[in-house]
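Reading the structure
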Amino acid sequence: MELKAIIEAALLAAGRPLSLVDLESLFAEHERPEQGEILAALADLAEDCRGRPIELKQVASGYRLQVRADFSPWVSRLFEERPGRYSRAFLETLAIIAYRQPVTRGEIEDIRGVTVSSSIVRALQDRGWIQVVGHKEVPGRPALLGTTKQFLDYFNLKSLDELPPLREFLDDMALQAVPKDQPIIEDADHQST
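Per-chain numbering applies: the sequence of each chain, read as written, is numbered from 1 onward. Selection of residues for local features in this predicted model requires a pLDDT of at least 70, selection of side-chain atom pairs for listing and counting requires 80 or more, and totals for whole chains, interfaces and linings are taken over all residues. Remark: hydrogens and water are excluded; side-chain values derive from all non-hydrogen atoms of the structure.

1. Some points on the overall build of the chain
Counting its regular elements, the chain contains nine helices and five strands. Put simply, DSSP marks the helices as runs of H or I at least four residues long and the strands as runs of E at least two long, and each gets a number from the N terminus on. Secondary structure elements of the chain occur, N-terminal to C-terminal, as α-α-α-β-β-α-α-β-α-α-β-β-α-α. Only protein chains enter the area calculation, which uses a 1.4 Å probe; residues under 20% of their type maximum are buried, those over 50% are exposed, and those in between are partly exposed. The 193 residues of the chain split such that 36% are buried. Contacts are residue-level and defined by heavy atoms, with any inter-residue pair within 4.5 Å sufficient. In the chain, the proportion of contacts linking residues at least 24 apart, taken out of those at least 6 apart, comes to 52%. Accessible surface, the chain as shown: approximately 11700 Å² in total, 50% of it carbon and sulfur. Methods summary: accessible areas were calculated by the Shrake-Rupley approach with a probe of 1.4 Å, and residue burial reflects only the protein chains presented.

Here is the structure:
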């Protein structure tokens, strides 16, 4: 069988992004292609998708086949689940973590000017979008929060360097609660994990 076809079938069946290691593990050791061959097959597959309603996308966790954004208004109608509406506090907290990480809960509260609800932090962790990435070397050793690969995958990003400007990030979450003329937080330089 052709390597490209095997990779395409695996990506369609997986339901999640597949890393190069995942793709290599599809093959027995004696038949395993070199990483360069897999990368070439991925490039060919991406080219085959050009002009089609699907695309090969590289995200933080690996590669996946997905519907192009142009077709989402129609494809989204196949799913009964409506996208979640997020509160302003939820979005502000996520944006601060994404753009200022690693950050402590106290630092988030200083930026927002209000206490961060435990339920918001727990909801972000339950979604797999944030995690404790360490502890700050100060008395009490507060947890440092950062985003996860699942966060990057959900927002179609390979790394934090691809984060859009803050306003665009909030708009992409389809939020009606944030007025366009009111800044949430300063758009700070973000760091890669």
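2. So, unusual backbone geometry
Residue Pro-102 is reached from Gln-101 by a cis peptide bond, and omega for that bond is -10°. Residue position: Pro-102 is located in the loop between α5 (88-100) and β3 (103-104). Phi at Arg-141 is positive, roughly 40°, even though this residue is not glycine. With respect to the helices and strands, Arg-141 occurs in the loop between β4 (130-135) and β5 (143-147). A residue is classified by how much of its surface remains accessible, and Arg-141, at 43% relative accessible area, is partly exposed. You will see that Asn-156, though not glycine, has its phi angle at about 65°, which is positive. You can see Asn-156 is positioned in the loop between α8 (149-154) and α9 (166-172). Accessibility expressed as a relative area gives 25% for Asn-156, which makes it partly exposed.

3. Considering the sheet that holds β5
Paired strands, in this sense, are two strands between which DSSP finds at least two bridges. What the three strands build is an open sheet, ordered β3-β5-β4; its pairing is antiparallel. In this open sheet, the two edge strands, each paired with only one partner strand, are β3 and β4. Relative to β5, β4 runs antiparallel, the two sharing five bridges. Across the sheet, His-135 pairs through a bridge with Ala-143, a residue of β5. Where helices are involved, their axes are fitted lines through C-alpha atoms of the stretch in contact, as for all axes, and angles between N-to-C directions lie from 0 to 180°. Strands in contact with α5 are β3, β4 and β5; relative to β5, the strand with the most contacts, it is inclined by about 90°.

4. Overview of the pattern of salt bridges
Take a side-chain nitrogen of Lys or Arg and a carboxyl oxygen of Asp or Glu: if they are within 4 Å of each other, that pair is a salt bridge. Per the stated rule, a full pass over the model turns up nine salt bridges. Put simply, Arg-105 and Glu-109 hold a salt bridge, and the shortest N to O gap is 3.8 Å. Here Arg-105 and its partner Glu-109 are both found in helix α6 (residues 105-112), four residues apart, which amounts to about one turn of the helix. Here Arg-141 makes a salt bridge to Glu-137, at a shortest N to O gap of 2.5 Å. Among the charged side chains, a salt-bridge network with shared partners connects Arg-88, Glu-92 and Arg-112.

5. Some words on a nonpolar patch on the surface
Patch membership requires over 30% relative accessible area and the absence of a salt bridge. Like charges are linked within 9 Å, and nonpolar side chains (Val, Leu, Ile, Met, Phe, Trp, Tyr) within 5 Å. A surface patch of nonpolar side chains, about 310 Å² in accessible area, is lined by Val-67, Phe-71 and Trp-74. By the element assignment, Trp-74 lies in helix α4 (residues 72-75).

6. Some remarks on the nonpolar core
Take the buried Ala, Val, Leu, Ile, Met, Phe, Trp, Tyr and Cys residues and link them wherever side-chain atoms come within 4.5 Å; each set so joined is a nonpolar core. With 27 residues, the main nonpolar core has Leu-124, Trp-129, Phe-151, Leu-163 and Phe-169 as its most contacted residues. Of all elements in the fold, only α5, α7 (118-126), α8 and α9 reach the threshold of two or more residues within this core. Ranked by residues supplied to this core, first place goes to α5 with eight residues. Counting 16 residues, the second-largest nonpolar core is a separate cluster that includes Ile-7, Leu-11, Cys-49 and Tyr-63.

7. A look at the packing of α5 against α7
Contact geometry of α5 with α7 gives a least axis separation of 10 Å together with a crossing angle of 65°. Judged by the sense of rotation from one axis to the other, the crossing of α5 with α7 is right-handed. Contacts from Ala-89, Phe-90, Thr-93, Leu-94 and Ile-97 of α5 reach α7 at Ile-120, Ala-123 and Leu-124. In this scheme, a crossing is called left-handed if the near helix is turned counterclockwise away from the far one by less than a right angle; it is called right-handed if the turn is clockwise.

8. Observations regarding the confidence of the model for the chain
Values of pLDDT, ranging from 0 to 100, describe the predictor's confidence in every residue of the model. Here the chain averages 86 in pLDDT, and 85% of its residues register 70 or above. Counting contacts from residues 174-193, a segment whose pLDDT is below 50, to residues more than four positions away or on other chains yields 47 contacts.

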